[in-house]
Amino acid sequence: MLEHQQKPPRSTSRFSSSKLTGLAASGVPSRGLFIIELVVALLITRIPYLSVPFKWLESYFHELSHGIATILSSGVVSHIQLFPNGAGFCFSQGGSPMLIGFAGYFGAACWGYLIYLLATWPKGIRVSFALLGALVVLSGLLWGRDILTLAILAVLTIILLLPLKLSQNKMLTQFLRIIGLMIMLNALASPTVLLGLDGQGDAVMLAERSWIPAWIWVGLWLLTSACALYFAWRRVENAASR
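Residues numbered from 1 in each chain as written. Predicted model: local features only at pLDDT ≥ 70, side-chain atom pairs only at ≥ 80, totals over all residues. Heavy atoms only, no water.

The next subject is the overall build of the chain. Counting secondary structure elements, the chain contains ten helices and two strands. Helices and strands in the chain line up, N terminus first, as α-α-α-α-β-β-α-α-α-α-α-α. Looking at the chain as a whole, 43% of its 242 residues are labelled buried. The contacts of the chain with a sequence gap of at least 6 include a subset with a gap of at least 24, amounting to 75%. (Helix = DSSP H or I, 4+ residues; strand = E, 2+ residues; numbered from the N terminus. Buried < 20%, exposed > 50% of the residue type's maximum accessible area, 1.4 Å probe, protein only. Contact = heavy atoms within 4.5 Å.)

A regular strand places its side chains on the two faces of the sheet in alternate fashion. Note that strand β1 (residues 76-82) and strand β2 (residues 88-93) share six bridges and pair antiparallel. Its bridge partner being in β2, L82 is matched across the sheet by G88. In sequence, β1 turns back onto β2 through a hairpin of five residues, with G86 there showing a positive phi of about 95°. (Pairing = 2+ DSSP bridges.)

With that settled, the discussion passes to the environment of I44. With respect to the helices and strands, the residue I44 is situated in helix α3 (residues 31-46). Judged by relative accessible area, which is 17%, I44 ranks as buried. When the C-alpha positions of I44 and I178 are compared, they lie 9.6 Å apart, and in sequence the two are 134 residues distant. In this view, I44 contacts L50, S51, F54, I178 and M182; residues no more than four positions away in its chain are not counted.

As a further point, take the nonpolar core. Core analysis: the largest hydrophobic core is formed by 45 residues, its most contacted members being Y60, F61, L156 and I179. Put simply, the parts of the chain that give this core at least two residues each are α3, α4 (52-72), β1, α5 (97-118), α6 (125-143), α7 (147-161), α8 (169-189) and α10 (214-240). With ten residues, the top contributor of residues to this core is α8. Beyond its immediate stretch of four places on either side in the chain, I179 contacts F54, L57, I115, I159 and L160. Core analysis: the second largest hydrophobic core is formed by seven residues, A203, W217, V218 and W221 among them. (Core = buried A, V, L, I, M, F, W, Y, C linked by side-chain atoms within 4.5 Å.)

Turning our eyes to something else, we now look at the environment of R234. Topologically, R234 is positioned in helix α10. Given the relative accessible area of 31%, R234 is considered partly exposed. Considered as a pair, R234 and R31 are 203 residues apart in the sequence and their alpha carbons are 9.9 Å apart.

Okay, the packing of aromatic side chains next. Tallying each qualifying case throughout the model produces 13 aromatic pairs. Ring geometry for F34 against Y116: centres 6.1 Å apart, planes inclined by 85°, an arrangement best described as edge-to-face. With F34 in helix α3 and Y116 in helix α5, this residue pair connects regions lying 82 residues apart in the sequence. Accessibility assignment for this pair places F34 and Y116 in one class, buried. Relative to W233, the ring of F34 has its centre 5.3 Å away and its plane inclined at 55°; by these criteria the two rings are tilted. Remark: W233 occurs in helix α10 and F34 occurs in helix α3; sequence separation between them is 199 residues. Given the relative accessible area of 24%, W233 is considered partly exposed. (Phe/Tyr/Trp six-rings, centres within 6.5 Å; stacked < 30°, edge-to-face > 60°.)

The next subject is the pattern of salt bridges. Pairing of side chains with opposite charge becomes possible as their charged atoms draw close. Within the structure shown, the criterion is met by two salt bridges. Measuring nitrogen to oxygen at the nearest pair gives 2.4 Å for the salt bridge that ties E237 to R31. You can see E237 sitting in helix α10 and its partner R31 sitting in helix α3, a full 206 residues away along the chain. Judged by relative accessible area, E237 falls into the buried class, the value being 18%. The exposure class of R31 is partly exposed, given its relative accessible area of 38%. Between R177 and E37 there is a salt bridge, and its shortest N-O distance comes to 2.6 Å. With R177 in helix α8 and E37 in helix α3, this pair connects stretches of sequence that are 140 residues apart. Taken as a pair, R177 and E37 share a single burial class, namely buried. (Salt bridge = Lys/Arg side-chain N within 4 Å of Asp/Glu carboxyl O.)

What follows is about α7. The end-to-end C-alpha distance of α7 is 21 Å, a good match for the 21 Å that 15 residues give at a rise of 1.5 Å each. Three or more residues of α7 are buried, namely T149, I152, L153, L156, T157, I159 and L160. One side of α7 carries all its buried residues, which in axial view fall inside an arc of 160°. Those residues of α7 hidden inside the fold are in contact with α4, β1, α6 and α8. Sitting at the head of α7, D146 places a side-chain oxygen 3.4 Å from the backbone nitrogen of L148. (Expected span 1.5 Å × (residues − 1). Arc of directions from axis to C-beta. Polar contact = N/O pair within 3.5 Å; in protein donor to acceptor, adjacent residues only side chain to side chain.)

Okay, structure coming up:
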């Protein structure tokens, strides 16, 4: 009888173990691992030189979002230009200036969240890296004009395609999650620079065309990035509570 009464705890332990296995199989990290990855992403974005390529990623998705908004609003993209300090430009004609101006910082945060979601899909992780790498290559072919921009895009392509050499999907998913978090963190920090600019930047352009103060536009971008990080956390929370 005593042995029979000791069986339920074993059952509970097996349930807990299977739950953790399910989390690992889904590609969604535990709460603790999410915090660790967020701290790692934050540290990398603050380390000189090491952080530079990942700032380029945020800048690339920023300018890509400008380009997509241009096309969606019936405009034409001439080319994009990226700089070593993380700045960039998207040269276009036509389209909706308001939509195009707002899309940069908003789109970068959304891209970061999308990449984080892709990282929770282990079976398609290699396809995700390949598609992101192909997107950078396609952007270079269509909109890259100067050698510096093409060189930066080449580095970004290597960052996205080189991990495919890794044999373990677990390492790939973790690396892609950290990339997504870094893009969201950079998208959260970048708009604050606009508060110190006088007469230039997306926020100033939007303010001139809408009569809405530039700081409100900056606030909207900060809110977007914060929401992206929050939704990533909710993804972890929802998976852990199942």
